[in-house]
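The primary structure of each chain is shown beneath.
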Amino acid sequence: MSNFENTAYNFAYLDEQTKRMIRRALLKAVAIPGYQVPFASREMPMPYGWGTGGIQVTAAVIGPEDVLKVIDQGSDDTTNAVSIRNFFQKTTNVETTEETAKASLIQTRHRIPETPLTDGQILVYQVPIPEPLRFLEPRETETRKMHALEEYGLMHVKLYEDISRHGDIATTYAYPVNVAGRYVMDPSPTPKFDNPKMNNMPALQLFGAGREKRIYAIPPYTEVVSLDFEDYPFTIQKWEEPCALCGETESFLDEVILDDAGGRMFVCSDSHYCKSRQEQGHSGSQSPDAEKASREVAE
Amino acid sequence: MAMNSLLSVENLTVKYGDRVGCRNVGFDLFPGEVLGVVGESGSGKSTLLNAVSGQLPPHSGRVSYKTRLNDRCDIYGMTEPERRFLMRTDWAFVHQNPRDGLRMSVSAGANIGERLMGVGWRHYGEIREAGLNWLEKVEIDDDRVDDLPSTFSGGMLQRLQIARNLVSKPRLVFMDEPTGGLDVSVQARLLDLLRGLVSDLGLSVMIVTHDLAVARLLSHRLMVMQGGQVVESGLTDQVLDDPQHPYSQLLVSSILQV
Amino acid sequence: MYVAVKGGEKAIENAHRYLAEERRGDPAIEELSLKQITEQLSHAVSRVMAEGSLFDRELAALAIKQARGDLIEAIFLIRAYRTTLPRFGYSAPINTADMALDRRVSATFKDLPGGQILGPTFDYTHRLLDFALAAEGLEAEQAKEAEEAVDEDVPRVLELLNKEGLIEAAVPGESDESSSVGDLTREPLEFPAGRDVRLQNLARGDEGFILSLGYSTQRGYARNHAFVGEIRIGHVAVEFVPEELGFAIEIGDILVSECETVNQFQGSKKVPAQFTRGYGLAFGHCERKVIAMALVDRALRADELGEEKSAPVQDEEFVLSHSDNIQATGFVEHIKLPHYVDFQSELELVRRLRANALRTQTTLEAAE
């Protein structure tokens, strides 16, 4: 007879055996930076493609003393980030935070926080398609061989085609990198803006792909190079205007449509970073203060 | 095995289950030499080509190759990475169907540049320049450099495949019926081009064909195969003008009658 | 003034409440009981058990109720529950030859030992809406008990063929160097997969996907000329060997559907012609699924049988990577999650490329 009562789940949901299995994969991944380690991904109570890989990695490394931050698109307040944070709150009871510097463990989808990470922190990425060669070669058996033999010419063929067709490398996110001079790796769909942050990062970077059942890692202080050509070097996105709320000029900006007449503004995608800058007194064209000032002038 | 040969094949036997693909084949290929292999379909010439070019492990026998560093290595004794590296740098393989040898979803320029990028070229301008040079060498207009191969004619596709293969300056080229499936007039132009490239670049070539005219035009030496075995070999003119083996005689006479 | 979007937490809570309300529907209408679902929607229960990989009617019924009848959502609930259950070990193989039969038919022989048993099937119903069912409270007509009991011994049809050597011996899979059977809920799927893992994947696979692939073989994409040798539906005992005891004990029985197909023959000058096999098995009453599964299983044996591979259904990587509806639904639906950052990156690039192009054009025109 089935038990219909709410079962008391183990700390961080996964059973200890599963956690050990994932930790073994993580150790292997750290030992071979950028190499995709197959692991027996479990079914999670969230859909595949919604961060099940990252959640399993987080569940395997989180301890009661950890302070957890969860972001999606750079923000702590997007629905999927809220949902994942709630999940860990419920199953681990750990402290959660929005403050990047305060977190010991950060799970992310699509961004690396603007505040530089430090020694001892762990950044966990949610990965939909771990294989950087997948869209050039659909067969797993073939791509594994290409990695094993370091046959990466095809990756540059893709970049060559971009330049021939568009005059520039047209890959803007999930921009391939070479890790520690050996494996070519997909940094997950983070914008290429964040690629330089991965290089020599003091924090440990862990990547989990649940549906595709792969784990990979970049140990602290590892060289991460974005692929490019000598005469078409890797560059990151730049915006013509600063953040409308905090005036930052060096962060990744989200575009917000204000009306249907072409009105728009740009604001930091890292919501916590933006908020703390505003608290420090920075402001932009659409800040509450600026608005108030202009209204007073009008009156 | 001759000391100064580039490629040496000894006692090569390939079996498909109980059936013999080729039996006890041996030959030497010297630098700058073009060796033709002729025979009707099913004679074992394609099996031999695949086994010699590292793509079909033989049942017994040995294939050895003298590298640029002048050491002689056993093709099937190498590790797979070593063999694959050799195959995409020092060697080239021209398929009968150019679609098997080209990447149809990327531009002509990228097709030519792939081998260069594979060995570490990282300057877009130089890779493109090399692509344009090779298009010119194989007589394709340079304004086609960004076009997809699917927009090319059969003859152009074959010339593009040749450019893609030769860009890495290989020393040894394997060709499997390179003119098969082309119109006669297109064939003639391609043969002309091939002959020029082979002599300009000093390539060693092993070419498999059922077309004796192609063999006569390109190859210095000829091997005639029947039932998986070499029945006659010698200088091309000698074999074609004065065939000794009854099967060679039959092959030559059947051409003459046409 | 602009305020960044906030309140994700609140919105989620409210959405969940709204969902609960919609699930219940009009409170004036009597609530569905799990018993009603297990008894009256038994095919839905079967499908959820088969693709959820968990034989438990009541949990399946609960999942169906909670999912508002969305079966893929129900399968998802079951899978997520199942993965947390402690694993005591693996049962002994079930023996479908000893099945307590509800149904057994063969399309290859008109009559055979054990006979044809139709059982509860839609097969020869006319698909006419039965408006009498709309009026509730009518007693269903009871099926009459057969005068004779089903034979004790109902031999498997394919074994009858096997005795004559007319069909290949049943092979446990290419990867049987060890006797252990693969389990893709514990090990990541790797290619090439053995037949054991392929069958497990198909048994858990989406009924619609397997059905379409099976159908494609019949329409000429890797045609393998299948005959249904035998379909069996009924209960089988599940046995388990506890380490402490060292012998098998029966821990219950389960309803399963099984289909064995007899497929196009193989042979050569040396090996006399023989029929080949396809196999399908799933929890519950899932006849459509197991027939299609047998077709797909047979098609996936192309390499082993030395057949040319030309159709999607023969491509192991393609079939096994895309059969799981929980993986598929998650990934297909995830594109509705925020992708602001990636989209912003593309937007920036397209704007820049267009600006460059316009500038070049203007310069050219000016030059002319």
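**What to know about the overall build of chain A**
So, step 1. Secondary structure assignment for chain A yields eight helices and 12 strands.
So, step 2. The C-alpha radius of gyration of chain A comes to 21 Å, within 12% of the 19 Å expected for a compact globule of 299 residues.
So, step 3. Taking the principal axes of its C-alpha atoms as reference, chain A extends roughly 70 × 60 × 35 Å.
So, step 4. With 299 residues in all, chain A has 62% of them scored as buried.

**Re the overall build of chain C**
So, step 1. Each helix and strand in chain C was counted, giving 13 helices and four strands.
So, step 2. Its C-alpha atoms give chain C a radius of gyration of 26 Å, clearly above 21 Å, the size a compact globule of 368 residues would have.
So, step 3. Overall, the C-alpha framework of chain C stretches about 90 × 70 × 55 Å when taken along its three principal axes.
So, step 4. The buried share of chain C, reckoned over its 368 residues, is 40%.
So, step 5. Taking all contacts inside chain C whose residues are at least 6 apart in sequence as the whole, residues at least 24 apart take part in 65%.
So, step 6. Accessible area of chain C: about 22,000 Å², with a carbon and sulfur share of 56%.

**A short note on the packing of helix H4 (residues 57–66) of chain C against helix H5 (residues 71–82) of chain C**
Residue and element names in this part refer to chain C.
So, step 1. Where H4 contacts H5, the two axes come as close as 8 Å, and the packing angle between them is 130°. What the angle tells us is that H4 and H5 run oblique. Relative to H5, the crossing made by H4 is right-handed. Here H4 contributes Leu59, Ala60, Ala63, Ile64 and Gln66 to the contact with H5, which in turn contributes Leu71, Ala74, Leu77, Ile78 and Tyr81.
So, step 2. Broken down by class, the residue content of the contact of H4 with H5 amounts to nine nonpolar, one polar and no charged.

**A few points about a negative patch on the surface**
All names here are of chain C.
So, step 1. On the surface, Asp98, Glu147, Glu148, Asp151, Glu152 and Asp153 cluster together to form a negatively charged patch.
So, step 2. The residue Glu148 is located in the loop between helix H6 (131–134) and helix H7 (157–163) in this model.
So, step 3. Classification of Glu148 as exposed rests on a relative accessible area of 68%.

**As for the side chain of B:Glu232**
Residue and element names in this part refer to chain B.
So, step 1. Among the structural elements, Glu232 can be located in strand E10 (residues 229–235).
So, step 2. For the buried Glu232, which has no salt bridge, the nearest side chain bearing the opposite charge is Arg216, at an N-O separation of 12 Å.
So, step 3. A distance of 2.8 Å separates the side chain of Glu232 from the backbone nitrogen of His245, its partner in a polar contact.
So, step 4. When sequence neighbours within four positions are dropped, the list of residues in contact with Glu232 reads Leu222, Met223, Val224, Val239, Asp242, Pro243, Gln244, His245 and Ser248.

**Some remarks on the packing of helix H3 (residues 42–52) of chain C against H5(C)**
Residues and elements named next belong to chain C.
So, step 1. Two numbers describe how H3 lies on H5: the axes approach to 9 Å, and their chain directions differ by 45°. Viewed along their axes, H3 and H5 adopt a mutual orientation that is oblique. As H3 runs across H5, the sense of the crossing is right-handed. Along its contact with H3, which presents Ala44, Arg47, Val48, Glu51 and Gly52, the element H5 presents Leu71, Ile72, Ala74, Ile75, Ile78, Arg79 and Arg82.
So, step 2. Counted by class, the contact of H3 with H5 contains seven nonpolar, one polar and four charged residues.

**Some points on the environment of A:Arg85**
So, step 1. In this fold, A:Arg85 is placed in helix H3 (residues 79–92).
So, step 2. Residue classification places A:Arg85 among the buried residues on the basis of a relative accessible area of 7%.
So, step 3. Taking the C-alpha atoms as reference, A:Arg85 lies 37 Å from A:Ala148; in sequence the two are 63 residues apart.
So, step 4. A:Arg85 has contacts with A:Val70, A:Asp76, A:Thr96 and C:Glu9, leaving out every residue within four places of it along the chain.

**Topic: the sheet that holds strand E7 (residues 183–185) of chain A**
Pairing between the strands of a sheet comes from backbone hydrogen bonds, and it takes one of two forms, parallel or antiparallel.
All names here are of chain A.
So, step 1. The antiparallel open sheet is built from three strands, whose spatial order is E7-E6-E10. The outermost strands of the open sheet, each flanked by one partner alone, are E7 and strand E10 (224–226). Here the strands of the sheet are splayed against their neighbours by 30° on average, with no regard to which way each runs.
So, step 2. Pairing analysis gives three bridges linking strand E6 (residues 177–179) to E7, with the strands arranged antiparallel. Within E7, the position partnered with Val177 by the bridge is Met185.

**Brief notes about the domain arrangement of chain C**
So, step 1. If you check the domain split of chain C, you get domain 1 (2–82), domain 2 (96–125 + 143–329) and domain 3 (338–367).
So, step 2. Distance from the C-alpha centre of domain 2 of chain C to the C-alpha centre of domain 3 of chain C: 56 Å.

**Structural notes on the pattern of salt bridges**
So, step 1. This model, assessed by the stated rule, comprises 67 salt bridges over all chains.
So, step 2. Because the salt bridges share partners, they merge into one network encompassing A:Glu142, A:Lys145, A:Glu151, B:Glu80, B:Arg84 and B:Arg88.

**Brief notes about the sheet that holds strand E4 (residues 274–283) of chain C**
Residue and element names in this part refer to chain C.
So, step 1. Taken in spatial order, the four strands of this open sheet run E1-E2-E3-E4, and their pairing is antiparallel. Two strands lie at the open edges of the sheet, namely strand E1 (100–105) and E4, each paired on one side alone. Pairs of neighbouring strands in the sheet enclose a mean axial angle of 20°, with direction left out of account.
So, step 2. Sheet topology places strand E2 (residues 227–240) next to strand E3 (residues 249–266); 13 bridges connect them, and they run antiparallel. Looking at the pairing, Val238 lines up with Gly252 of E3.

**What about the interface of chain C and chain A?**
By a widespread convention, an interface's size corresponds to the accessible area lost as its parts come together.
So, step 1. On the side of chain A, 66 residues touch chain C, which itself brings 51 residues to the contact.
So, step 2. Contact between chain C and chain A buries roughly 5,000 Å² in total, counting both sides, with carbon and sulfur atoms accounting for 57%.
So, step 3. The interface formed by chain C and chain A contains five salt bridges.
So, step 4. Among the ionic pairs, C:Asp315 bridges to A:Arg139, the shortest N-O distance being 2.6 Å.
So, step 5. Taken together, the connections running from chain C to chain A amount to 20 residue pairs in polar contact (both at pLDDT 80 or more).
So, step 6. Per-element accounting of the side of chain C that touches chain A gives the leading share, 12 residues, to helix H13 (residues 340–367) of chain C.
So, step 7. Grouping the amino acids of the side of chain C that touches chain A by side-chain chemistry returns 22 nonpolar, 11 polar and 18 charged.

**A few points about a nonpolar patch on the surface**
So, step 1. Nonpolar side chains collect at one region of the surface, where C:Leu245, C:Phe247, C:Ile249 and C:Ile251 lie side by side and expose about 370 Å² of accessible area between them.
So, step 2. Residue position: C:Phe247 is located in the loop between E2 and E3.

**Overview of the confidence of the model for chain C**
Residue and element names in this part refer to chain C.
So, step 1. Residues of chain C with pLDDT of at least 70 account for 95%, and the chain-wide mean is 89.
So, step 2. Mean pLDDT values over the elements of chain C span from 86, in H6, up to 98, in H3.
So, step 3. Reported confidences for the modelled complex are a pTM of 0.82 and an ipTM of 0.86.

**Focus: the confidence of the model for chain A**
So, step 1. Looking at chain A as a whole, the pLDDT averages 90, with 94% of positions reaching at least 70.
So, step 2. Contacts of residues 1–6 of chain A to residues separated by more than four positions or lying in other chains number nine contacts, the stretch itself having pLDDT below 50.

**Some words on helix H7 (residues 271–279) of chain A**
All names here are of chain A.
So, step 1. What H7 keeps buried is the set His272, Tyr273, Cys274, Ser276 and Arg277.
So, step 2. Those residues of H7 that are buried lie in contact with strand E2 (67–72) and strand E12 (264–268).
So, step 3. Two or three places before His272, at the opening of H7, Asp270 has a side-chain oxygen 3.3 Å from that residue's backbone nitrogen.

**Let's talk about unusual backbone geometry**
Most of the time, phi is negative for any residue but glycine, and the peptide bond is trans.
So, step 1. For the bond running from C:Phe191 to C:Pro192, omega is -5°, close enough to zero to count as cis.
So, step 2. One can find C:Pro192 in the loop between H7 and helix H8 (195–204).
So, step 3. Phi at B:Lys169 takes a positive value of approximately 50°, unusual for a residue other than glycine.
So, step 4. In this fold, B:Lys169 is placed in the loop between helix H6 (154–166) and strand E7 (172–176).
So, step 5. Note on B:Lys169: relative accessible area 65%, which makes it exposed.
So, step 6. Of note, the phi angle at B:Glu177 is positive, near 45°, even though the residue is not glycine.

**Brief notes about helix H9 (residues 207–218) of chain C**
Residues and elements named next belong to chain C.
So, step 1. Here H9 contains 12 residues, and its C-alpha end-to-end distance of 17 Å stays within 8% of the 16 Å for a straight helix at 1.5 Å per residue.
So, step 2. Glu207, Ile210, Leu213, Gly214, Ser216 and Thr217 are the residues of H9 that are buried.
So, step 3. On the buried face of H9, the contacting elements are H3, H8, helix H10 (287–299) and helix H11 (316–322).
So, step 4. The residue sitting at the N-terminus of H9 and contributing the capping side-chain oxygen is Asp206; that oxygen lies 3.0 Å from the backbone nitrogen of Gly208.

About the criteria used
Residues numbered from 1 in each chain as written. Chains lettered and ligands numbered in written order. Predicted model: local features only at pLDDT ≥ 70, side-chain atom pairs only at ≥ 80, totals over all residues. Heavy atoms only, no water. Helix = DSSP H or I, 4+ residues; strand = E, 2+ residues; numbered from the N terminus. Rg over C-alpha atoms; globule rule 2.2 N^0.38 Å. Buried < 20%, exposed > 50% of the residue type's maximum accessible area, 1.4 Å probe, protein only. Contact = heavy atoms within 4.5 Å. Areas by Shrake-Rupley, 256 points an atom, 1.4 Å probe, with all protein chains shown as cover. Axes fitted to C-alpha atoms, helices over the stretch in contact; angles between N-to-C directions. Parallel < 35°, antiparallel > 145°, perpendicular 65-115°, else oblique. Left-handed = near helix turned anticlockwise from the far one by under 90°. Nonpolar A, V, L, I, M, F, W, Y, C, P; charged D, E, K, R; others polar. Patch = residues over 30% accessible without salt bridge, like charges linked within 9 Å, V, L, I, M, F, W, Y side chains within 5 Å. Salt bridge = Lys/Arg side-chain N within 4 Å of Asp/Glu carboxyl O. Lys, Arg positive; Asp, Glu negative; His and termini not counted. Charge placed at Lys NZ, Arg CZ, Asp CG, Glu CD. Polar contact = N/O pair within 3.5 Å; in protein donor to acceptor, adjacent residues only side chain to side chain. Pairing = 2+ DSSP bridges. Domains from an automatic or database assignment. Buried area = accessible area lost by both parts, 1.4 Å probe. pLDDT = per-residue confidence, 0-100. Expected span 1.5 Å × (residues − 1).

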